[in-house]
Amino acid sequence: MSIVRSNFRGIVAWLFCFCLISCYCYNFFAYNYPYVEQMDIFVFNKEYAFERIFRVGGLISYFTSFLTQFFIHPLCGALISSLLFCFVSWQNCDIWEHICGRKTVPLLYLFPGIALLWMQVDFMYHWEGTLGTVFSILLFNIYVRLSSFVARWVYMAVAAVVGYFITGPMVFIAVIASVIYEITATKGKYKWFSFILIPWSCVTPYILCSMDVISQARFAFTFDAYFHSRASSHALHYYAAIAFLLNVLLASLLVTYYRSFSKRMKYVFFIIQILIAAAILHAGTEKYNNEKIYVAKQLDYYSRTKQWKKLLELDGLRSQQNFMHACYQNLALSELGMMGNFLFRYSQPGIEGLIIPWDQSVTSSMLLSDVYYRMGNIALAQEMAFEGLVSTERGMNPRLLLRLVQTNIIFGHNEVALKYIQILENTYSYSKAASYYRNLIENPKLMDVEQELMDKRKCVNGVDLLTTTTQIEHIIQIVKSYPEYDPALHYYGALCLISKNLMAFSDLVKIYEETGKDMPLHFQEAFIIMHEKEQDKWKEYGVTDDVINRFKAFRKDIIDVRRRGGNPAYSLRAKYADSYWYYFMFNR
């Protein structure tokens with residue numbers, strides 16, 4: 001009966017741990033997961049499985065891709081992270097109990113799982129390392145349960161080879177742990193033969209390197225195999241392995257050590273360790289989960305899920321100091337139809353805040369593809385999608401594949417679009433969108449009611465981007481091709497205003513005059529600057545009385561401040577910083 005109670009308490013404790021860690025991961029790591037999801041793809045077909053599995057570390061890689069496809073939902077990512085944390089910690093606890101009969105050292109057996117949580121925040125880290133760690137610890141847990149040294153030795157010799165093909169160099173930690181265990185915890189006369197396992201485990205990667213199956217030795221022998229191929233892993237990525245080996249060493253050394261404590265003291269000691277582990281976890285999270293990078297991932301998530309209002313309300317938005325933040329912000333303003341009226345209510349660092357400089361990274365490629373697609377520059381949206389795929393380490397980015405589907409349909413390249421659709425239809429997160437676009441291709445009449453694609457098609461008519469050299473020249477072609485498309489009008493106007501190119505802005509004024517559209521607030525403000533001494537034109541071109549009265553007040557306040565010897569830029573900031581007049585006069 002006491003065994004049943006003990007097992008029940010253990011199950012409840014681990015379930016409670018799972019719930020706590022799930023909440024923690026969701027609160028502190030939520031936006032890491034969707035960012036990881038789009039950097040790989042899992043396809044439900046035999047060809048993908050064959051290509052993925054039949055290579056070194058392929059089985060773990062296949063299973064990892066299967067799990068990470070659910071990271072598009074941050075909660076799923078948190079639950080999977082928590083499940084892996086609890087499994088690793090439970091395995092370590094089980095190893096402690098089996099080797100030396102103790103389960104009262106949570107600070108030690110929780111630490112490998114804590115280190116895994118830290119490792120996962122690095123956007124260049126591959127989750128295969130986490131699954132490989134889980135697999136290797138499981139291998140060792142089986143190893144210590146074999147009673148015969150010969151059986152253990154043969155088992156690990158086979159596991160070192162087979163495990164390498166399954167998970168790669170992470171299997172070395174199981175081999176090293178077995179040697180530590182034999183030397184420190186067992187008394188057999190053959191235990192020193194366990195050292196042979198270390199060079200034996202290196203034979204397989206050495207042969208694979210010699211045959212050029214693995215391109216570089218660092219991918220064959222180190223944890224660089226679980227990191228971006230163009231970079232090297234850091235000390236952080238070895239913490240989980242080192243912590244696990246330390247657990248094995250201490251458990252083995254304490255086999256013969258025993259000290260009796262009262263039940264009350266055991267509980268106190270246990271709780272103190274849990275609190276210390278929690279403090280270590282959070283301290284590491286603050287250190288390794290870089291705030292700037294995390295905010296960029298959050299902006300990326302809000303953008304891809306079209307949560308534009310949340311994006312604009314984000315506390316971490318630093319559009320004044322960061323071009324990428326400003327670019328996300330202005331994309332949100334455009335999507336909400338607010339760019340023409342609210343552009344200068346938000347900080348504007350320059351034209352780079354509208355269209356960021358491309359730095360060949362995946363993140364900038366995805367953002368620029370979204371921006372160009374929004375403004376109707378379909379050719380550049382497609383180019384950025386291609387560049388993003390090239391920059392994606394594994395060459396497969398489902399989010400960008402979907403963009404290529406859209407751009408090829410717009411250009412009328414349906415056969416090309418169908419090739420991408422065929423891939424996406426066999427995925428978890430993108431199959432519905434892929435089927436939708438297939439239906440459009442197979443039923444052309446539906447295209448006439450698909451407003452988004454219909455608008456974009458009109459944007460590409462009569463546009464020749466090869467004859468243009470600047471962003472303003474690009475967009476004015478789109479504006480002239482399809483002046484009814486407001487996002488292009490607003491982006492063109494915003495570029496003109498922020499660059500203070502009022503000569504180019506005059507072309508936009510003509511288009512508003514020809515189409516009979518009302519100019520947005522900031523465009524009216526710019527028009528007044530262009531024709532400050534021609535007040536009869538203001539109302540003729542649709543400038544409202546509110547804008548006229550505010551401009552007169554602005555001009556009067558400037559004169560008053562200068563008469564008093566004050567600084568107009570400072571004195572009028574609170575009252576007029578949201579106007580184009582203030583930006584035009586005082587922002588450099």
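Residues numbered from 1 in each chain as written. Predicted model: local features only at pLDDT ≥ 70, side-chain atom pairs only at ≥ 80, totals over all residues. Heavy atoms only, no water.

Engineer: I'd love a proper account of the packing of helix α6 (residues 106-119) against helix α13 (residues 263-288), names of residues and values included.
Structural biologist: Relative orientation and spacing of two packed helices are given, respectively, by the angle between their axes and the distance between those axes. Relative orientation of the contacting elements α6 and α13 amounts to 15°, with a least axis distance of 10 Å. The angle between α6 and α13 places the two elements in the roughly parallel class. In terms of crossing hand, the pair formed by α6 and α13 is right-handed. When α6 is examined against α13, the residues Pro-106, Leu-107, Tyr-109, Leu-110, Phe-111, Ile-114, Leu-117 and Trp-118 are found in contact with a partner set consisting of Phe-270, Gln-273, Ile-274, Ile-276, Ala-277, Ile-280, Leu-281, Gly-284, Thr-285 and Tyr-288. Counted by class, the contact of α6 with α13 contains 15 nonpolar, three polar and no charged residues. (Axes fitted to C-alpha atoms, helices over the stretch in contact; angles between N-to-C directions. Helix = DSSP H or I, 4+ residues; strand = E, 2+ residues; numbered from the N terminus. Parallel < 35°, antiparallel > 145°, perpendicular 65-115°, else oblique. Left-handed = near helix turned anticlockwise from the far one by under 90°. Contact = heavy atoms within 4.5 Å. Nonpolar A, V, L, I, M, F, W, Y, C, P; charged D, E, K, R; others polar.)

Engineer: Give a detailed account of the side chain of Thr-392, specifying residues and quantitative values.
Structural biologist: With respect to the element layout, Thr-392 can be found in the loop between α19 (378-391) and α20 (398-411). Given a relative accessible area of 2%, Thr-392 falls into the buried group. With residues near it in sequence (within four places) discarded, Thr-392 still touches Met-39, Val-362 and Asn-397. (Buried < 20%, exposed > 50% of the residue type's maximum accessible area, 1.4 Å probe, protein only.)

Engineer: Give me the pattern of salt bridges: which residues, what numbers.
Structural biologist: The full count for this structure, using the stated rule, is 21 salt bridges. In this structure, Glu-182 engages Arg-152 in a salt bridge whose closest nitrogen and oxygen atoms are separated by 2.6 Å. With a gap of 30 residues between them, Glu-182 in helix α9 (residues 172-185) and Arg-152 in helix α8 (residues 149-167) connect regions that are remote in the sequence. Neither residue differs from the other here; Glu-182 and Arg-152 are each classed as buried. The residue Glu-425 makes a salt bridge to Arg-438 at a minimum N-O spacing of 2.7 Å. Highlighted residues: Glu-425 in the loop between α21 (414-424) and α22 (431-442) and Arg-438 in helix α22, separated in sequence by 13 residues. Taken together, the salt bridges that share partners define one network made up of Asp-40, Arg-52, Glu-128 and Arg-394. (Salt bridge = Lys/Arg side-chain N within 4 Å of Asp/Glu carboxyl O.)

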